[in-house]
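Residue strings, one per chain:
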Amino acid sequence: MDEKRWIFGGGLSPEWAWVVKRRRELALADLARIEKHYLKNAPAGFRKRRYAAGLRYFLRTKSPERDRLAVHPCFDYWLDLHARHFGAPVQESDWHLQFGLFQSFPAALALSRGDRLELDATADPDGRFFLYGSPKFLQAAPTAPLTLKTAGGKLSLGGKPARLESLVEAVPGIVADDRGWLMVHGVTMHGLVSLDDKERARFAAVLGEAFCDLAGRDHGLYSEMRDLLFSLVPLKNPVEHGSVSSSYVNLRGLIALSHSEDRILQAETLIHEFCHQKMNQLLVVDAILQRRPAPQPGRGRPQGPHRLRLLHRVRPALRDGDVDRARAPAPLGAVVPRRPAEGTGRRRGRAPQEIRARRHRLLQGRRARRQGQARGVPDPRGRVMNTKERIEWTKAVGACVPGADIKAMLAAAEALDAPGRWEVSVRGGGLHAVGLRFFGAGDHAAWTKTALKPFGLEGPVPDAPVGGYPWLSAAWDLTTGRWTSVRLCGAARGTKLKAGQALAWDFKAGGEPPVRRALSPVPFKAGIFKEPVLDRALEDFSALSPLATLSLESPGWSLRLERPLRWPMFARCDVSAAFTPAGSQLALFLLDRSVTELAFDGEALWAHCAG
């Protein structure tokens, strides 16, 4: 994620779209789990009312209107209420209130789409029923049962046309709301104020002027605010501060603030609280921020994701009390046990010799990988990068540096379309270079010739694989539009290597003969570089994600990780701050990848990423 665009308001960029999309997916997944809990545990008397119809309709109606409602602050708060109250036994009246209030969302959705829908609902404790996503609501008795029907964009209540009232809007889609129970029930700072019609209209009018000023001065920030915000709640200002305001992690899309006739002050307050709202969105999708520290015996400092959180640039603004992730779903970086792939188990009728041959191949593969890991070479396992993904990668690189000539890079990637595995590499310091790494398979000699040909090179042919596969890596300079280095790693006939060694051939531009060197990885240990700043940074990194081996390759070095580390977690370490991608498409592409190696080429850091 490009942090500068995220902080300063880059508009409705791909980064913004991804965060909103991820937040929506998690909210709908929560709702699907709640529906299952409802069907299994709802009281018998409660089931007579048609609450399930609203749940079913909302989950199964895929549309932009539904997606918009799924990130509404009241949807946010409704999910939070359910998580806090339904983990233990509750009374039947609580079921009626919780699921009766939810019907606001399917009713509003059906009304906006013109769909026909019949459902039962419940008025809120203040005697109102809101159609969220619109300024409309209807009056009723507190917690009264309601029978609703929508058809052709019209709403009827108890068989008669519903008489709807309306909230005032600061700008279209953003209401001034001091009356919605789901809207204001969670606003706890500074105190709510109840306005009369004239005061409410003035409160909204000044905020509307503030939004107009923002639209003229910074349209990117304005577009982000319009996309996230739904509601503005008025607050008391009893001691006449310049302004009081608040926002909440379980009401994303709501800003509460006191009234002022100064529209510049109101604009500043909106920007201030909106920055908190952006962080509150990241608390939903960021693998680091959403997890608390896991205590580990014998350790006096925070470990795991909490360590990352301390390294994050925004650490002065974070406090443990601000982060309540008790109901967080599995984070992006979580290790989730995978089910065995189809066809890997024993099948009836398979010949014993076939089973023995299969077991032999598996053991050979494991032994080869262990030998490779001992030498510090990349583990060739991983998902194959197919043609479509290579095209996506190339386009992403092109988007990072406007005008970059990447035709030769794409041609080489296509020419290497042979059995094997791919990794991608990213160079820090402004993303001046990227790389491709390819692990060959099959006939090693034929593969090596094929691998070097796209670069216009010829060289030695590895005849004994290292770690099971030869491999090749190449660096592409985005500024000059050419390959700057190509490395081939394998082994040569007749070469006596020490334990743990491997051979590498480095090809430079200009047709010079390759430089051969022996790679001699050693186990990583703290203080290995004898440089305090670097050693401290790498010690922190290794405490977070253990480093396995170090290879010193003058003028640089490379470090293999014991286990791949997901890019979103890796990119929040101080040691990798240089890897903030310069292009949104590349950032999104890397979110699905894992870092396997950290390297230094004498000038900048590299991160090697596997699928």
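What counts as what
Residues numbered from 1 in each chain as written. Predicted model: local features only at pLDDT ≥ 70, side-chain atom pairs only at ≥ 80, totals over all residues. Heavy atoms only, no water. Helix = DSSP H or I, 4+ residues; strand = E, 2+ residues; numbered from the N terminus. Buried < 20%, exposed > 50% of the residue type's maximum accessible area, 1.4 Å probe, protein only. Contact = heavy atoms within 4.5 Å. Areas by Shrake-Rupley, 256 points an atom, 1.4 Å probe, with all protein chains shown as cover. Polar contact = N/O pair within 3.5 Å; in protein donor to acceptor, adjacent residues only side chain to side chain. pLDDT = per-residue confidence, 0-100. Salt bridge = Lys/Arg side-chain N within 4 Å of Asp/Glu carboxyl O. Pairing = 2+ DSSP bridges. Axes fitted to C-alpha atoms, helices over the stretch in contact; angles between N-to-C directions. Parallel < 35°, antiparallel > 145°, perpendicular 65-115°, else oblique. Left-handed = near helix turned anticlockwise from the far one by under 90°. Nonpolar A, V, L, I, M, F, W, Y, C, P; charged D, E, K, R; others polar. Core = buried A, V, L, I, M, F, W, Y, C linked by side-chain atoms within 4.5 Å. Phe/Tyr/Trp six-rings, centres within 6.5 Å; stacked < 30°, edge-to-face > 60°. Expected span 1.5 Å × (residues − 1).

Turning our eyes to something else, we now look at the overall build of the protein. From N to C terminus, the protein includes 19 helices and 23 strands. Scored against the burial criterion, the 611 residues of the protein give a buried share of 51%. A fraction of 65% describes how many contacts in the protein between residues 6 or more apart in sequence connect residues 24 or more apart. Accessible area for the protein stands at about 29,500 Å²; split by element, carbon and sulfur atoms hold 53% of it.

Moving on, we get to the environment of Thr122. Here Thr122 is to be found in strand E1 (residues 117-122). When its relative accessible area of 4% is taken as the criterion, Thr122 is described as buried. Along the chain, Thr122 and Gln98 lie 24 residues apart, while their C-alpha atoms are 8.6 Å from each other. Leave out the neighbours within four places in its chain, and Thr122 touches Tyr51, His96, Gly100, Leu101, Phe129, Thr143, Ala144 and Leu146. Polar side-chain contacts of Thr122 include one of 3.2 Å to the backbone oxygen of His96.

Moving on: unusual backbone geometry. Trans is the common state for peptide bonds, and a negative phi is the common state for residues other than glycine. Residue Thr143 is not a glycine yet carries a positive backbone phi of 50°. Secondary-structure assignment places Thr143 in the loop between strand E3 (136-139) and strand E4 (145-151). Even without being glycine, His190 reaches a positive phi, approximately 75°.

Attention now goes to the confidence of the model for the protein. Here the protein shows a mean pLDDT of 75. Residues at 70 or above account for 67%. Predicted confidence for residues 290-350 stays below pLDDT 50, and this span has 87 contacts to residues more than four positions away or in other chains. Confidence drops under a pLDDT of 50 for residues 371-377, and excluding neighbours within four residues, the segment shows 20 contacts in the predicted structure.

Opposite charge on two side chains makes pairing possible when the charged atoms of those side chains draw close. Applying the stated rule across the entire model yields 22 salt bridges. Across the pair Asp80 and Arg84 runs a salt bridge whose closest N-O atoms are separated by 2.8 Å. Here the residue Asp80 and the residue Arg84 both occupy positions in helix H5 (residues 73-85), the gap between them amounting to 4 residues, near one helical turn. For Glu118, the salt bridge is made with Arg116, and the minimal N-O distance between the two is 3.9 Å. Residues participating in the shared-partner salt-bridge network are Arg50, Arg116, Glu118 and Asp120.

The subject of this paragraph is the pairing of strand E22 (residues 594-600). When you tally the buried positions in E22, you get 6 out of 7 residues, the bulk of the element. By the bridge criterion, 6 bridges tie strand E21 (residues 556-566) to E22 in an arrangement that is antiparallel. Following the sheet pairing, Leu559 is matched in E22 by Leu598. Counted between consecutive antiparallel strands, the loop separating E22 from strand E23 (residues 605-610) contains 4 residues, among which Gly602 sits at a positive phi close to 100°.

The next thing to look at is the packing of helix H2 (residues 14-41) against helix H6 (residues 92-102). It is at 13 Å that the axes of H2 and H6 come closest, and there the two elements cross at 135°. With respect to H6, the element H2 is oriented oblique. Here the hand of the crossing between H2 and H6 comes out left-handed. Residues Leu31, Ile34, His37, Tyr38 and Asn41 of H2 pack against Trp95, Phe99 and Phe102 of H6. For the contact of H2 with H6, the residue count by class is 6 nonpolar, 2 polar and no charged.

Let's shift gears to the sheet that holds strand E5 (residues 154-157). On the basis of which strands lie adjacent, the open sheet formed by 4 strands has the order E1-E4-E5-E6 and antiparallel pairing. Each of the sheet's edge strands pairs with one partner strand only, and the pair in question is E1 and strand E6 (160-161). In terms of strand pairing, E4 meets E5 through 4 bridges, oriented antiparallel. Along E5, the bridge assignment pairs Thr150 with Leu155.

Right, let's talk about the environment of Phe524 for a bit. With respect to the helices, strands and loops of the structure, Phe524 is situated in the loop between strand E19 (522-523) and helix H17 (532-544). In this structure, the C-alpha to C-alpha distance between Phe524 and Leu559, residues 35 residues apart in sequence, is 7.9 Å. Excluding residues that lie within four positions of it along the chain, Phe524 makes contacts with Leu538, Ser542, Leu547, Ala548, Thr549, Leu550 and Leu559.

The next subject is the nonpolar core. In terms of nonpolar packing, the biggest core is built from 60 residues, with Tyr38, Phe58, Phe99 and Leu182 touching the most fellow members. Setting aside residues no more than four positions away along its own chain, Phe99 makes contact with Ile34, Tyr38, Phe46, Tyr51, Leu55, Trp78, His82 and Phe86. If you look at the next biggest cluster of nonpolar residues, it comprises 40 residues, including Val486, Trp505, Trp557 and Phe570.

Our next topic: the packing of helix H3 (residues 51-60) against H6. Where H3 meets H6, the axes come as close as 9 Å, and the angle between the chain directions of the two elements is 40°. By the angle between their directions, the pair H3 and H6 is classed as oblique. Viewed along their axes, H3 and H6 form a crossing whose handedness is left-handed. Seen from H3, the contacting residues are Tyr51, Gly54, Leu55 and Phe58; seen from H6, they are His96, Phe99, Gly100 and Phe102. Class assignment of the residues belonging to the contact of H3 with H6 gives a composition of 5 nonpolar, 3 polar and no charged.

A few words on the pairing of strand E12 (residues 254-258). Summarising burial for E12: 5 of the 5 residues are buried, a large majority. Here E12 shows a buried face lined by Leu254, Ala256 and Ser258 and a second buried face lined by Ile255 and Leu257. Of the pairings in the sheet, the one linking strand E10 (residues 231-235) to E12 comprises 5 bridges and is parallel in character. Among the inter-strand pairings, Pro234 is bridged to a residue of E12, identified as Leu257. Two elements, strand E11 (residues 245-246) and E12, share 2 bridges in a ladder whose sense is antiparallel. Following the sheet pairing, Ser245 is matched in E12 by Leu257.

Here we come to the packing of aromatic side chains. Taken as a whole and judged by the stated rule, the model has 24 aromatic pairs. Ring geometry for Tyr38 against Phe46: centres 5.4 Å apart, planes inclined by 65°, an arrangement best described as edge-to-face. Across the pair, Phe46 and Tyr38 agree in class, each one buried.

Its 13 residues give H17 an end-to-end C-alpha distance of 18 Å, which sits within 8% of 18 Å, the value for a rise of 1.5 Å per residue. Turning to H17, its buried residues number three or more, namely Asp535, Leu538, Asp540, Phe541, Ser542, Ala543 and Leu544.

Another aspect to go through is the sheet that holds strand E7 (residues 165-166). One open sheet accounts for 3 strands, arranged E2-E3-E7; its pairing is antiparallel. Among the strands making up the open sheet, the edge pair consists of strand E2 (128-130) and E7. The sheet contact formed by E3 and E7 spans 2 bridges and is antiparallel. When the sheet's bridge partners are listed, Phe137 is paired in E7 with Glu165.

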